[in-house]
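As a plain string of letters, each chain reads:
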Amino acid sequence: MKLPIVAYGDPILKKKAADIDQNYPALSTLIANMFETMYSANGVGLAAPQVGLSIRLFVIDISDDEDENLKDFKKTFINAQVLEETGKEWSFNEGCLSIPEIREDISRLDTIRISYYDENWVHHEETYNGLAARVIQHEYDHTEGRLFTDKLSPLKRAMLKRKLDAIAKGAIKVGYKMKFPAAPKKFKR
Ligand code: NI
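Described below are features of the structure shown in this document. Computed from a predicted structure; not experimentally measured. (Residues numbered from 1 in each chain as written. Predicted model: local features only at pLDDT ≥ 70, side-chain atom pairs only at ≥ 80, totals over all residues. Heavy atoms only, no water.)

## Things to note about the packing of aromatic side chains
Per the counting criterion, the structure on display carries six aromatic pairs. Ring centres of Phe35 and Tyr39 lie 5.9 Å apart, and the angle between their planes is 25°; this geometry places the pair in the stacked category. With Phe35 and Tyr39 both in helix α1 (residues 27–40), this residue pair falls four residues apart, about one helical turn. Consider the rings of Trp90 and Phe92, whose centres lie 5.6 Å apart with planes at 55°: the pair is tilted. Residue Phe92 is classed as partly exposed on the basis of its relative accessible area of 29%. Among the aromatic residues, those joined into a cluster by ring pairs are Phe58, Phe77 and Tyr116. Looking at Lys75, its charged tip hangs above the ring of Phe73, at a distance of 5.3 Å from the centre. (Phe/Tyr/Trp six-rings, centres within 6.5 Å; stacked < 30°, edge-to-face > 60°. Helix = DSSP H or I, 4+ residues; strand = E, 2+ residues; numbered from the N terminus. Buried < 20%, exposed > 50% of the residue type's maximum accessible area, 1.4 Å probe, protein only. Lys NZ or Arg CZ within 6 Å of the ring centre and 35° of its normal.)

If you want it as structure tokens, here you go:
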């Protein structure tokens, strides 16, 4: 089942999400729904706060990338904690399903070490770099209540303000179902 994606401006996107445990209700259905929602919006990653749930869960599929090393990279991250970020800063043009039609070059360190549980509650501690690290960092930030727009300079953000306000109000065309925090209320009879 496709879930509506929460748009920029919703307070849930600014909130630090909580850990879950194995008793979380219908977790495998939620994970399946998140993948389905992500694919239908042509995304490569989706975090639970983006579907209105303030929990530490995100999914990523970058197996379509031309990089052979990523051909099996379809993963679920539960209760993830970034342990270390190292290496060089590099710039990558990021987008976000909660912020349609805005893409910006964002600078981040190229290597991360992360601890997480997968969908079978197997614990992992792994190191990633390049594109994999980048997508994980972006999705992980969602579970910390951070958006890529938080990393822009104040000037850049001021330049985007009108576009961001339009997204919050739902005054945009988007090819997937969204929930807009500042959408005008429907006229009541
Ligand atoms: Ni995002």
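## Some points on the environment of Ala133
Positionally, Ala133 belongs in helix α2 (residues 130–143). A relative accessible area of 0% places Ala133 in the buried class. If sequence neighbours within four positions are ignored, Ala133 has contacts with Asp110, Ile112 and Tyr128. (Contact = heavy atoms within 4.5 Å.)

## Some remarks on α2
Given a rise of 1.5 Å per residue, 14 residues ought to cover 20 Å, and the 21 Å separating the end C-alpha atoms of α2 matches this to within 8%. Of all 14 residues that make up α2, twelve are buried, and the element is covered over most of its length. When α2 is considered as a whole, its buried residues turn out to be Ala132, Ala133, Arg134, Val135, Ile136, Gln137, His138, Glu139, Tyr140, Asp141, His142 and Thr143. Next to the buried residues of α2 lie β2 (45–47), β3 (57–61), β4 (74–94), β5 (104–117) and β6 (123–129). In the stretch just after α2, Gly145 is the one whose phi turns positive, near 80°. (Expected span 1.5 Å × (residues − 1).)

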